[in-house]
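# Per-entry structural report
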Amino acid sequence: MGNVHVDLGTKSYNIEIERGLLEKVGKKVKALLPKVEKAAVITDSNVGPLYADVLRRSLEREGLAVTVLTFKAGEESKNLITLGNLYGGLAKAGLTRSDMVVALGGGVTGDMGGLAAATFLRGIAFVQIPTSLLAAVDSSVGGKVAVDLPEGKNLVGAFYQPKGVFIDPNLLQTLPGRYLHDGMAEVIKYGCICDRDLFGRLEALQDDGDLLTHGDEIIEACCNIKARIVEHDEFDTGERMLLNFGHTLGHAVEKTFRFDTYSHGEGVAIGMVLLTRQAEKLGLTVPGTAERIEGLLKKFNLPVSVQMDQADFLKAIALDKKKRGSEITLVLLKTIGESFLQKIEFSGLPKFLPDGDAS
Ligand code: GLY
């Protein structure tokens, strides 16, 4: 059982990590938000059939009136139309400002459920119950909530912190292998950017079974890292950008393949390796770092290369929302466990890309 506190003044909250937590989450929610009478559980068509009833019963045992709102699973649902339907469901369920939203699912559910909570009635309480590894270690923590536009991912959103995050590592057992590995890319990222010891522990894992056995402590380590970073930089203007290691190239990969070939974690995996290889050539990263990352990613079936040339990367990155004016901030490693931000002119980007002249 683990507990990570996120200290954000009046917006502080706890992340609880415990096997079997889903069944007792009603009691936790009631203790956290005693005035709540109605709860809307937002979930998707994959997760809802598996876990919504257990959650509903747990909340109802505490006297809450529960409405379950289910949308079609997939990133393509994370849009203003689905969000509009969710608002309709919240209104129909008669939620008031003293009620709450529970986001039960992966990153799409947490992001969209969080945005619904942030904006319905100008903001009602919400808690996150992440059911994927990626959501547990990244998207459910830190208050970034959003939906996509046809023009790009996460373009409409807010910073809106949950009242609590409840992680039941047992739920990872029903996660298809590809999605478990998707989350592993973010886990490995944490090791890369600031925790050499975590990276070593991941290297020592034998297989997925071993990963699931150690799930609790791995999730806790990642949440601790994320909590400390978010505490220092809630609104993503400095240190929080370190969490974007591998993401600039990764998003370019996802986008170039129209978001239907590579998952987010797979894109990040490729991005971490390609960028680090170039940074080594530029003398910014200790030699051998990319190879070590590559070895660990491969162990979890993550891709480490892609059929894209430099022009493909430049085209995709030109529209990246992390770009500010003509500048872009890259996250680079000195070595495993030590990262830094490097602001560069967009015109200087080619030397950080595959086939770039790093001389
Ligand atoms: N997923 C990156 C962040 O929360 O800043």
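Per chain, residue numbering runs from 1 following the sequence as it is written. Local features in this predicted model are restricted to residues whose pLDDT is 70 or higher, and side-chain atom pairs enter the listing and the counts only when it is 80 or higher, whereas totals over whole chains, interfaces and linings include all residues. The side-chain figures draw on all heavy atoms in the structure; neither hydrogens nor water molecules are used.

### Side note on the sheet that holds strand E3 (residues 38-44)
- In this analysis, strands are considered paired if DSSP registers two or more bridges between them. Here a strand is any run of E in DSSP of at least two residues, a helix any run of H or I of at least four, and the numbering for each starts at the N terminus. Overall, mixed pairing links the seven strands, which are arranged E1-E2-E9-E6-E5-E3-E4 in an open sheet. Because the sheet does not close on itself, it has two edges, and the strands there are strand E1 (2-6) and strand E4 (65-71). When strand polarity is set aside, the average angle formed by the axes of neighbouring strands in this sheet is 15°.
- Both E3 and E4 contribute to a ladder of seven bridges, which runs parallel. Its bridge partner lying in E4, Lys38 is registered against Ala65.
- Strands E3, E4, strand E5 (100-105) and strand E6 (125-130) of the sheet are contacted by helix H2 (residues 48-60), whose axis makes an angle of about 170° with E3.
- Residues are treated as being in contact if the distance between any of their heavy atoms lies within 4.5 Å. An axis is simply a line fitted to the C-alpha atoms; with a helix, the fit covers only the stretch in contact. Between two such axes, the angle follows the N-to-C directions and lies from 0 to 180 degrees. Along the sheet, helix H3 (residues 80-92) contacts E3, E4 and E5; its crossing angle with E4, the most-contacted strand, is approximately 165°.

### With respect to helix H13 (residues 310-318)
- For every residue, the accessible area obtained with a 1.4 Å probe (protein chains only) is divided by the maximum for its type, and the residue is called buried under 20%, exposed over 50%, and partly exposed between those limits. The complete set of buried residues in H13 reads Gln310, Phe313, Ala316 and Ile317. Along the axis of H13, the buried residues cluster in a sector spanning 135°; they form a single face. In H13, those exposed residues whose orientation departs by more than 90 degrees from the buried face are Ala311 and Lys315.
- For H13, the capping residue at the N-terminal end is Asp309, with a side-chain oxygen 3.2 Å from the backbone nitrogen of Ala311. Note: the arc covers the axis-to-C-beta directions of the helix. Pairing of N or O atoms within 3.5 Å defines a polar contact, subject to two protein rules: one partner must be a possible hydrogen donor and the other a possible acceptor, and residues neighboring in sequence count only if both atoms are side-chain atoms.

### Thoughts on the site of the ligand
- Every residue close to the ligand is listed here: Asp138, Lys144, Lys226, Arg240 and Leu243.
- One of the side-chain N or O atoms of Lys144 is found 2.8 Å from an oxygen atom in the ligand.
- Within the side chain of Lys226, a nitrogen or oxygen atom sits 2.6 Å from an oxygen atom of the ligand.
- Broken down by class, the residue content of the shell around the ligand amounts to one nonpolar, no polar and four charged. When at least one non-hydrogen atom of a residue lies within 4 Å of a molecule or strand, that residue is treated as near it. Note on residue classes: Ala, Val, Leu, Ile, Met, Phe, Trp, Tyr, Cys and Pro are nonpolar, Asp, Glu, Lys and Arg are charged, and everything else, Gly too, is polar.

### Remarks on the pattern of salt bridges
- What makes a salt bridge here is a side-chain nitrogen of Lys or Arg within 4 Å of a carboxyl oxygen of Asp or Glu, nothing more. Taken as a whole and assessed by the stated rule, the structure comprises 19 salt bridges.
- A salt bridge links Lys144 to Asp236; its shortest N-O distance comes to 2.8 Å. Note that Lys144 is positioned in strand E7 (residues 144-149) and Asp236 in the loop between helix H9 (215-232) and helix H10 (247-256), a separation of 92 residues in sequence.
- Salt bridges sharing common partners tie together Glu75, Lys78, Asp111 and Asp148.

### Let's talk about a nonpolar patch on the surface
- Patches were defined on residues exceeding 30% relative accessible area and lacking a salt bridge, with like-charge contacts within 9 Å and nonpolar side-chain contacts (Val, Leu, Ile, Met, Phe, Trp, Tyr) within 5 Å. The method behind every accessible area is Shrake-Rupley, applied with a 1.4 Å probe, and residues are considered shielded solely by the protein chains displayed. Taken together, Leu80, Leu155 and Val156 make up a surface patch of nonpolar side chains, about 220 Å² in accessible area.
- Among the secondary structure elements, Leu80 is positioned in helix H3.
- By relative accessible area, which is 45% here, Leu80 ends up partly exposed.

### Some points on the pairing of E6
- The element E6 is largely enclosed, with a buried count of six among its six residues.
- Here E6 shows no split at all, with Ala125, Val127 and Ile129 on one side and Phe126, Gln128 and Pro130 on the other all buried.
- Here E5 runs beside E6; their pairing, made up of six bridges, is parallel. Paired with Ala103 across the two strands is Gln128, which belongs to E6.
- The parallel pair E5 and E6, bridged by helix H4 (residues 107-119), forms a crossover whose chirality is right-handed.
- As defined by bridge partners, E6 adjoins strand E9 (residues 164-167) across two bridges and the pair is classed as parallel. The partner of Gln128 across the bridge, within E9, is Val165. Here the term right-handed applies to a crossover when the path leading from its first strand over the helix to its second strand runs clockwise, the strands being oriented away from the viewer.

### Let's talk about H3
- If you check H3, its first and last C-alpha atoms are 18 Å apart, about what 13 residues at 1.5 Å a residue would give, namely 18 Å.
- What H3 keeps buried is the set Thr82, Leu83, Leu86, Gly89 and Leu90. Projected down its long axis, H3 carries its buried residues within an arc of 115°, all on one side. H3 presents Ile81, Asn85 and Lys92 as exposed residues on the side facing more than 90 degrees away from its buried surface.
- Where H3 is buried, its residues touch E3, E4, E5, H4 and E7. Take the residue count of a helix, subtract one, and multiply by 1.5 Å to get its expected span.

### Overview of unusual backbone geometry
- A positive phi angle is found at Arg258, which is not glycine, with a value near 55°.
- Note that Arg258 resides in the loop between H10 and helix H11 (264-281).
- Here Asn301, not a glycine, exhibits a phi torsion of approximately 55°, which is positive.
- Tracing the chain through its elements places Asn301 in the loop between helix H12 (289-299) and H13.
- The exposure class assigned to Asn301 is exposed, which follows from its relative accessible area of 60%.

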